[in-house]
Each structure stands twice: as C-alpha cells, then as structure tokens.
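Here's the letter readout for the chains.
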Amino acid sequence: MQVHGAALALYGALRQARRAILALTASTMALPKKKLQGLVAATLTPMTETGEINFSVIGQYVDYLVNEQGVKNIFVNGSTGEGLSLSVAERRQLAEEWVTNGKNKLDHVIIHVGALSLKDSQELAQHAAEIGADGIAVMAPFFFKPANKDALIAFLKEVAAAAPKVPFYYYHIPPLTGVKIRAEELLDGIQDEIPTFQGLKFSDTDLLDFGQCVDQNSQRQFALLYGVDEQLLSALAMGATGAVGSTYNYLGKKNNQMLEAFERQDFSLALNYQFCIQRFMNYVIKMGLGVGQTKAIMTLVSGIPMGPPRLPLQEASREFALKAEAKLKSLESQCFP
Ligand SMILES: CC(=O)N[C@H](C=O)[C@@H](O)[C@H](O)[C@H](O)CO
Ligand SMILES: CC(=O)C(=O)O
C-alpha cells in the first residue's frame, strides 16, 4: 500500500518535471530577453501633410515615450500605426526605424506583421527577425476570415514559422477584424502548434474570455496584455500582465501611476486614477475617437507633429483638438496635480 503510494507520488513528480522541462525548452527557443510587462504604446505613424511617412521624427518620438511618459515598450504597425494602410515596403522601413532608434532605449519593440496575404505576413515576419525585433504580433486576416480555430491557427503557424526564433503574440481584436474566435480557446494547447508563442494582446471587452486566458496561464509563461485602455483596471483585477494601447502614447505617465497604485494594493487610489482617465476618454470617445483624433491629441501633448492619417481615415477637426486639449488640462489639475 505504502509502496504503491510512493510509486504514484514519484510518477506524478516525474510527469511534473517533464512538463516543466518542456515548458522551459519552448520558452528558451523563443527567448524573450526579458518578459514583456507594463505599458506598451501602440505607436502612431507620423506623416507629412502630403501623406508620406515622416521618418525624421521617430528618434524624438522614442525619447518622448521613454523620458516623458515612462513607456519603454512599443507595438509598431498595428491599428493605431495604420499598419494595414501602409505598403509592405513602408512597413519594413518603418519597423527598421523604430528598432534602430529604440536601441538601448526601449525594452521591447514588437512589430505587427499581420496582413491579408500570408506571403506579405511571412515576408514581414522574416524581416522583423532580421532587424532584431523583440517580438512579432499577428491579427486574424479579416477579408477572407478563418472559418474556425484550426484555420486561424494554421495561418498564424505559417507566419510564426517565418521567424522561428522571435517571440510571437496573437493580436485579438474582434471589433475590428470581425473574427470572434475566443482567445481562451485559441490559447488552449497553442505552444504545441506555435512553439514561439509568448502571449496575447486582448482588445475586447469580454472579460470572461480574458479571465479564462489568465486562469489557463497559471504558470505565467505568457504575457497577457489588455487592449481596451479606458478600462485597464478591470483587466488588472482579472490578472493582466500588461497593456498595449494607443492612449499610452500620451497618457502613459498617468496610467503608470494607476499601475503603481494597483501594485501597492491601494485600490481606491487606483480606481480614482481610472475614473479620471475615463472622464477624458469618455469625452473624446463621444466626439469620435479614431486614429486621426489620436494623432491630433498626440501632436498637442508631445509637440511632435503626427500629421494627418492616411485615407480612408480623416484628420481631426480643429474644434476636436481644442476641446480635447481643454479637457486634458482640467483632468490634470483635478487628478494629477
Ligand atoms: C480599436 C483600437 O484601436 N483599440 C486600441 C487597442 O487595441 C485601444 O488602444 C484604443 O485605441 C483605446 O482603448 C481607445 O479606445
Ligand atoms: C492598440 C494597438 O495595439 C494597436 O493599435 O494596434
């Protein structure tokens, strides 16, 4: 009886050790130099009045994020960066500029390489690997959509294979892609399919799905990054390990204060910060907040010209910019003196 019990315990321990070794092997294969955590700014793509990318301000932009906003991670060529409105050549050149300018200043430069064409996506993934990006991210293709989880994984797997040593993140954004496959289902067993899988950027309000991702990730091997900025605190409560978003370009410092309060377990202060941020966000969302508007806010706050967005997006009105600026000033004096 006792011998039997001991044998069972030994067997259990061996299985556990094997699982630990497998997890370790997978994680060292796509070794993130350090774990991605905290805030990640989804960068805007600065443009000139004639609609060309304005590469000349990228250096300044990096310094601004690091020094003024306390944000040391970026997510390039995503929704905010109008990645899907840029040509492949532009995306390559822009990725290179961010990586080069971020050297020794940024912790993580993640390049979004998602595209409608698998070939484009693979080319961008391979390129990201060549320039030394810290990670790649891919959203679901959204014209011909994957019919189910297997189709989506098959697509992601092919992209990931083009950069076999680069940490891979899935960019879950059903409101924009229309692909509603649950993240929690996608995550289940994903490292068997995509050994470089390192995490998720979750841009949806479904906190049940997000919570189940966290629950599955009990070894905390993945970065689970929340992407609906205006309600980040709720995702922190649910176990988010960080956040990626457009507002961390200009509200990075304020969100960092909220993060710090949360970590100190000062929940009433954290909630206070969240409500202050929400008052501003709610105000601009009601006026219509798109990339053009985010560019206008960032130009005002940072002093770095972001220029207009590319068509079909349109530039924010002067009225929007002035109202947003006034609201931000009142938020500052009320909540962040
Ligand atoms: C749809 C979209 O672009 N979402 C961004 C990230 O995924 C967010 O950062 C939002 O821009 C932000 O939460 C403002 O609503
Ligand atoms: C928010 C974000 O991650 C993006 O704009 O791609």
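Nothing here was measured: the structure is a model prediction, and the numbers come from that model.

J.: Would you mind going over the overall build of the protein chain in detail, with residue names and values included?
T.: When helices and strands are tallied, the protein chain shows 14 helices and eight strands. Its C-alpha atoms give the protein chain a radius of gyration of 21 Å, near enough to 20 Å, the size a compact globule of 337 residues would have. With the principal axes as the frame, the protein chain shows a C-alpha extent of 80 × 50 × 40 Å. Across the 337 residues in the protein chain, those meeting the buried criterion constitute 42%. Pairs at least 24 residues apart make up 73% of the contacts formed inside the protein chain by residues separated by at least 6 positions.

J.: Could you give me a rundown of the site of ligand 2, with the residues and numbers involved?
T.: Lining the immediate surroundings of ligand 2 are Ala42, Phe75, Gly78, Ser79, Thr80, Lys201, Gly227, Val244, Gly245 and Ser246. Of the residues in the shell around ligand 2, the class split is three nonpolar, six polar and one charged.

J.: Tell me about helix H4 (residues 118-130), residues and numbers included.
T.: Within an α-helix, residues lying three or four positions from one another point in the same direction, as the helix has 3.6 residues per turn. In a regular helix each residue adds 1.5 Å, so 13 residues correspond to 18 Å; H4 covers 18 Å between its end C-alpha atoms and thus fits that length. Listed as buried for H4 are Ser121, Leu124, Ala125, His127 and Ala128. Each buried residue of H4 sits inside an arc of 165° when the element is viewed along its axis, so together they form one side. Gly132 lies just past H4 and shows a positive phi near 80°.

J.: Outline the UniProt feature "active site" (unreviewed entry) in the protein chain, listing residues and values.
T.: In the numbering used here, UniProt assigns the "active site" (unreviewed entry) feature to Tyr171 and Lys201. A maximum C-alpha distance of 4.8 Å is found for the annotated residues, which run over 31 residues; spatially they form one tight group. On the secondary structure map, Tyr171 appears in strand S5 (residues 168-172). Assessed through the 26 C-beta atoms surrounding it within 10 Å, Tyr171 is described here as buried.

J.: Any chance you could break down the UniProt feature "binding site: pyruvate" (unreviewed entry) in the protein chain for me, citing the residues and the numbers?
T.: UniProt records the feature "binding site: pyruvate" (unreviewed entry) for Thr80 and Val244 in the present numbering. A compact arrangement is adopted by the annotated residues: their sequence extent is 165 residues, whereas the largest C-alpha distance between any two is 10.6 Å. Checked against the element boundaries, Thr80 lands in the loop between strand S2 (73-76) and helix H3 (88-102). Filtering out sequence-adjacent residues up to four positions away, Thr80 remains in contact with Ala42, Thr43, Leu44, Ser246, Val291 and Thr294. Checked against the element boundaries, Val244 lands in strand S8 (residues 242-245). Judged by local crowding, Val244 falls into the buried class, with 29 C-beta atoms found within 10 Å. Residues within four places of Val244 in sequence aside, it is in contact with Val40, Ala42, Phe75, Lys201, Leu225 and Gly227.

J.: I'd like to hear about the pairing of strand S4 (residues 135-139), residue by residue, with values.
T.: When you tally the buried positions in S4, you get five out of five residues, the bulk of the element. Because side chains alternate across S4, one face comprises the buried residues Gly135, Ala137 and Met139, and the other comprises Ile136 and Val138, equally buried. Where strand S3 (residues 108-112) lies against S4, three bridges are found, and the strand directions are parallel. Residue pairing for S4: Ile111 is matched across the bridge by Ile136. Read from S3 through H4 to S4, the crossover connection turns out right-handed. Across four bridges, the pairing between S4 and S5 is parallel.

J.: Lay out the pairing of S5 in plain terms, naming residues and giving numbers.
T.: Of all five residues making up S5, five are buried, and the element is well covered by its neighbours. Where burial is concerned, the two faces of S5 agree: the one with Phe168, Tyr170 and His172 and the one with Tyr169 and Tyr171 are both buried. Chirality of the crossover, the property in question, places the unit of S4, helix H5 (residues 149-161) and S5 among those that are right-handed. One ladder, built from five bridges, connects S5 with strand S6 (residues 197-202); its direction is parallel. Bridging across to S6, Tyr171 finds its partner in Lys201.

J.: I'd like to hear about unusual backbone geometry, residue by residue, with values.
T.: At the junction of Leu311 and Pro312, the peptide bond is cis and its omega measures out at 15° in the coordinates. Position of Pro312 among the secondary structure elements: in the loop between helix H13 (291-302) and helix H14 (318-335). At Arg220, a position not held by glycine, the phi torsion is positive, near 55°. Inspection of the secondary structure puts Arg220 in the loop between helix H9 (207-216) and strand S7 (223-226). With 11 C-beta atoms packed within 10 Å, Arg220 lands in the exposed category.

J.: So what about the sheet that holds S2? Which residues, and what values?
T.: Taking strand neighbours around the barrel as the criterion, the eight strands line up as S1-S2-S3-S4-S5-S6-S7-S8 in a closed arrangement whose pairing is parallel. Across the sheet, the mean angle separating the axes of adjacent strands is 25° when strand polarity is ignored.

J.: Tell me what's going on with the nonpolar core, and back it up with residues and numbers.
T.: Ranked by size, the top nonpolar core spans 87 residues in total, and within it Val40, Ile110, Ala128, Ile136, Leu200 and Leu225 carry the most contacts. Excluding anything up to four places from it in sequence, Ile136 contacts Ile110, Ile111, Val113, Ala125, Ala128, Ala163, Val166 and Phe168.

Cut-offs used in this document
- The numbers attached to residues start from 1 for each chain and follow its sequence in the written order.
- A letter from A marks each chain and a number from 1 marks each ligand, given out in the order of writing.
- Restriction of local features to residues with pLDDT of at least 70 applies here, the model being predicted, together with a cutoff of 80 or more for giving and counting side-chain atom pairs; totals for whole chains, interfaces and linings are based on all residues.
- Numbering of helices and strands runs from the N terminus, with a helix taken as a DSSP run of H or I at least four residues long and a strand as a DSSP run of E at least two residues long.
- For a compact globule the rule gives 2.2 Å times the number of residues to the power 0.38, and the radius of gyration it is set against comes from C-alpha atoms.
- Counting other C-beta atoms within 10 Å of a residue's C-beta gives its exposure: the residue is buried at 20 or more, exposed at 12 or fewer, and partly exposed in between, where C-beta atoms are placed from the backbone.
- In this description, a residue-residue contact is defined by the distance between C-beta atoms placed from the backbone, which must lie within 7 Å.
- Being near a molecule or strand means, for a residue, that its backbone-placed C-beta atom lies within 6 Å of it.
- Think of it as three bins: nonpolar holds Ala, Val, Leu, Ile, Met, Phe, Trp, Tyr, Cys and Pro, charged holds Asp, Glu, Lys and Arg, and polar takes everything else, Gly as well.
- An expected span of 1.5 Å times one less than the residue number is assigned to each helix.
- Here the arc refers to the set of directions running from the helix axis out to each C-beta atom.
- UniProt positions are given in the numbering used here, feature names are shortened, and annotations may be inferred rather than shown by experiment.
- A pair of strands is treated as paired once DSSP finds two or more bridges between them.
- When the strands point away from the viewer and the path from the first strand over the helix to the second turns clockwise, the crossover is right-handed.
- Axis lines are fitted to C-alpha atoms, over the contacting stretch for helices. Their N-to-C directions set the angle, which ranges from 0 to 180 degrees.
- Put simply, a nonpolar core is buried Ala, Val, Leu, Ile, Met, Phe, Trp, Tyr and Cys residues tied into one set by C-beta atoms within 7 Å.

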